[in-house]
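Chain residues, written in single-letter form:
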2 protein chains.
Amino acid sequence: MERNKSPKRMGRPRSFDIDRALDRALVVFWRKGYEGASLSDLTKAVGVNRPSLYAAFGDKEALFRKALDRYLKGPAAYTQEALREPTARAVVERLLLAAADLNTARRNPGGCLMVQGALACGDAADSIRQELTACRAAGEAAMRRRFERAKSEGDLPPNVKPADLARYIATVLYGMAVQAAGGVGRSKLHRVVEMALRTLPM
Amino acid sequence: MERNKSPKRMGRPRSFDIDRALDRALVVFWRKGYEGASLSDLTKAVGVNRPSLYAAFGDKEALFRKALDRYLKGPAAYTQEALREPTARAVVERLLLAAADLNTARRNPGGCLMVQGALACGDAADSIRQELTACRAAGEAAMRRRFERAKSEGDLPPNVKPADLARYIATVLYGMAVQAAGGVGRSKLHRVVEMALRTLPM
DNA sequence: CAATATCTGTACCGATAGGTATGGTAGAGG
DNA sequence: CCTCTACCATACCTATCGGTACAGATATTG
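These lines cover the structure that appears in this document, whether it is placed above or below. Keep in mind that what you see is a predicted model, and the values were worked out from it rather than measured.

Cut-offs and rules
Residues numbered from 1 in each chain as written. Chains lettered and ligands numbered in written order. Predicted model: local features only at pLDDT ≥ 70, side-chain atom pairs only at ≥ 80, totals over all residues. Heavy atoms only, no water. Helix = DSSP H or I, 4+ residues; strand = E, 2+ residues; numbered from the N terminus. Contact = heavy atoms within 4.5 Å. Lys, Arg positive; Asp, Glu negative; His and termini not counted. Charge placed at Lys NZ, Arg CZ, Asp CG, Glu CD. Near = heavy atom within 4 Å. Polar contact = N/O pair within 3.5 Å; in protein donor to acceptor, adjacent residues only side chain to side chain. Least-squares fit on C-alpha atoms with pLDDT ≥ 70 in both. Core = buried A, V, L, I, M, F, W, Y, C linked by side-chain atoms within 4.5 Å. Buried < 20%, exposed > 50% of the residue type's maximum accessible area, 1.4 Å probe, protein only. Axes fitted to C-alpha atoms, helices over the stretch in contact; angles between N-to-C directions. Parallel < 35°, antiparallel > 145°, perpendicular 65-115°, else oblique. Left-handed = near helix turned anticlockwise from the far one by under 90°. Nonpolar A, V, L, I, M, F, W, Y, C, P; charged D, E, K, R; others polar. Salt bridge = Lys/Arg side-chain N within 4 Å of Asp/Glu carboxyl O. Expected span 1.5 Å × (residues − 1). Bend = angle between axes of the 7 residues up to and from the residue.

### Observations regarding the overall build of chain A
Alright, step 1. What chain A contains, in helices and strands, is 10 helices and 0 strands.
Alright, step 2. Reported as C-alpha extents along the three principal axes, the dimensions of chain A are approximately 65 × 35 × 30 Å.
Alright, step 3. Counted over contacts in chain A with a minimum sequence separation of 6, partners at least 24 positions apart contribute 65%.
Alright, step 4. Here chain A holds 35 positive side-chain charges and 22 negative ones, and the gap between their average locations is 5 Å.

Structure representation (structure tokens):
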């Protein structure tokens, strides 16, 4: 329906930028979670009236999914890049450090949208909770595959299972997100990363 | 006002047990979080009408605080006990294992109330969020003090700072809570614990 | 220019949120 | 026994929730 934004379309043109709006909405969801972010919060942050939001993105759930998508392709894209590091240890190092930085970047809310977006919620938000759970599982699976490759390259000790390592690293990532959501700052998270790295089995 | 429950009081006696009610409410808050748990959810789970709930516990916020208190003194009391283990390693081991078990106990919701009770939320729930944040910080501080004692007993390597170790262990605990909230089961969490223990600096 | 298509702003919708007034009810004190 | 007190149940309150109808505004199309 409203696919293109460069080709001239008929009718009154949209008075705001879709991606900017999505960024604003993202920040609200990030800070307050899916349930805690009201439509009034969102419209106020975006600077657009309610019907315009609905026309552009659909209902609240659709808006969240689009914001999540933008989160994954924007702030959280470091995960993809980190997996391209040459060694398993370098992957982990970069992953943890980038996460620590993202979770505590001053210009956006503390923590991680995939964790605090909808960790426990009412029935109405349950599909969002499931989506975020799936998202986290997908990230973990990507790590596991990367570690499987590392294993095949002799880059991992024989007593370390890729799936276990991936789950462990994911656990540290989620834990850091909780810490950051509670206001723990970057330097402290860096020391967590240091501890995690120091104790790595490779 | 309604302090005692054993001394016979005047008037019609309460038709439900305060602690049982609190347990039921706790489960709802645990599963849905503070915001996601509606009064209707709570009254339905407790099996009591709304005014009775208000008379017994005060408003929703007060009810949550009482449920949290019960959580800390009940299911989460393992934390206190674990700190009494003789060595730092034993403390950590017991803490992580007990947390893994509590987070995945079949008879209650997955995860940890202190984490998913209100990690990110709207303004109305912010005081609860702060309380939970403070709760987590308190637990972390207790660990830190325990590790300081360990250090003074020569039970910790010289290059390990008690505060850093405590924060790291707390991070793993929170991460496990997120995993469990997403449905990860006990055996997988046990492998996370195994990884964490294997890589411990002592 | 008109005709048409899309967006904006106001004002509103029903449903539900948390919270409470009120009148009936059950037990203790006298 | 009656009274007094506290609790129970229904029914209701206001505020806000997510979502939308409608009319005016602004652009392209012909």
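After that view of the structure, there is still more to cover.
### Structural notes on the protein's contact with DNA strand D
Alright, step 1. Looking at DNA strand D, there are 25 residues lining it, with Leu-39 and Tyr-54 of chain A together with Gly-11, Ser-15 and Asn-49 of chain B nearest.
Alright, step 2. For DNA strand D, the backbone makes up 65% of the atoms found within 4 Å of the protein, where backbone means sugar plus phosphate.
Alright, step 3. Between DNA strand D and Arg-50 of chain A, the relevant distance is 3.1 Å, taken from a base nitrogen to a side-chain nitrogen or oxygen of the residue.
Alright, step 4. In the environment of DNA strand D, a sugar or linking oxygen lies 3.2 Å from a nitrogen or oxygen atom belonging to the backbone of Arg-12 of chain B.
Alright, step 5. Counting residues per element, the ones that place at least two in the surface near DNA strand D are helix H2 (39–46) and helix H3 (50–57) of chain A together with helix H3 (50–57) of chain B.

### A short note on the relation of the copies chain A and chain B
Alright, step 1. Mapping chain A onto chain B is achieved by rotating through 180 degrees and translating by 0.0 Å along the same axis, at an RMSD of 0.0 Å. Here the transformation between the copies is reduced to the relation of a two-fold axis. Every residue of chain A has its C-alpha some distance from the rotation axis, and the shortest such distance is that of Gly-175 of chain A, at 1.9 Å.

### Some remarks on the nonpolar core
Alright, step 1. With 147 residues, the main nonpolar core has Tyr-71, Leu-96 and Met-176 of chain A together with Tyr-71, Leu-96 and Met-176 of chain B as its most contacted residues.
Alright, step 2. Excluding its chain neighbours within four sequence positions, the residues that come into contact with Leu-96 of chain A are Ile-169, Val-172, Leu-173, Met-176, Val-193, Ala-196 and Leu-197 of chain A.

### Some points on the packing of helix H6 (residues 88–103) of chain A against helix H9 (residues 162–181) of chain A
Residues and elements named next belong to chain A.
Alright, step 1. At a closest axis distance of 9 Å, the pairing of H6 and H9 adopts a crossing angle of 15 degrees. Taken as axis vectors, H6 and H9 run roughly parallel relative to one another. Here H6 and H9 pass one another in a crossing that is right-handed. The segment H6 lies against H9, with Val-92, Leu-95, Leu-96, Ala-99, Ala-100 and Asn-103 engaging Ile-169, Val-172, Leu-173, Met-176, Ala-177 and Ala-180.

### Observations regarding the protein's contact with DNA strand C
Alright, step 1. Neighbouring DNA strand C are 24 residues; Ser-15 and Asn-49 of chain A together with Leu-39, Tyr-54 and Lys-60 of chain B lie closest to it.
Alright, step 2. The protein-proximal atoms of DNA strand C, defined as those within 4 Å of the protein, are 67% sugar or phosphate.
Alright, step 3. Between DNA strand C and Arg-50 of chain B there is a distance of 3.0 Å, counted from a base nitrogen to a side-chain nitrogen or oxygen.
Alright, step 4. Elements represented by at least two residues in the surface near DNA strand C include exactly H3 of chain A together with helix H2 (39–46) and H3 of chain B.
Alright, step 5. Here the residues of the surface near DNA strand C sort into 9 nonpolar, 7 polar and 8 charged.

### A look at the pattern of salt bridges
Alright, step 1. Using the criterion set out here, one finds 30 salt bridges over all chains in the structure.
Alright, step 2. A salt bridge links Arg-94 of chain A to Glu-85 of chain A, with the shortest nitrogen-to-oxygen separation between them at 2.6 Å.
Alright, step 3. We classify Arg-94 of chain A as partly exposed; its relative accessible area is 34%.
Alright, step 4. With a closest N to O distance of 3.2 Å, Arg-167 of chain B and Asp-164 of chain B form a salt bridge. With a gap of 3 residues between them, Arg-167 of chain B and Asp-164 of chain B both fall in helix H9 (residues 162–181), about one helical turn apart.
Alright, step 5. Judged by its relative accessible area of 7%, Arg-167 of chain B falls in the buried class.
Alright, step 6. Residue Asp-164 of chain B is classed as buried on the basis of its relative accessible area, which comes to 8%.

### As for helix H1 (residues 18–36) of chain B
All names here are of chain B.
Alright, step 1. Under the 1.5 Å per step criterion, the end-to-end length of H1 is only 22 Å for 19 residues, more than 12% shorter than the ideal 27 Å.
Alright, step 2. Maximal helix bending in H1 amounts to about 80 degrees, located at Trp-30.
Alright, step 3. Taken together, the buried positions of H1 are occupied by Ile-18, Ala-21, Leu-22, Ala-25, Leu-26, Val-28, Phe-29, Trp-30, Lys-32, Gly-33, Tyr-34 and Gly-36.
Alright, step 4. Between a side-chain oxygen at the N-terminus of H1 and the backbone nitrogen of Asp-19 the separation is 3.1 Å; the capping residue is Asp-17.

That is the geometry; function is a separate question.
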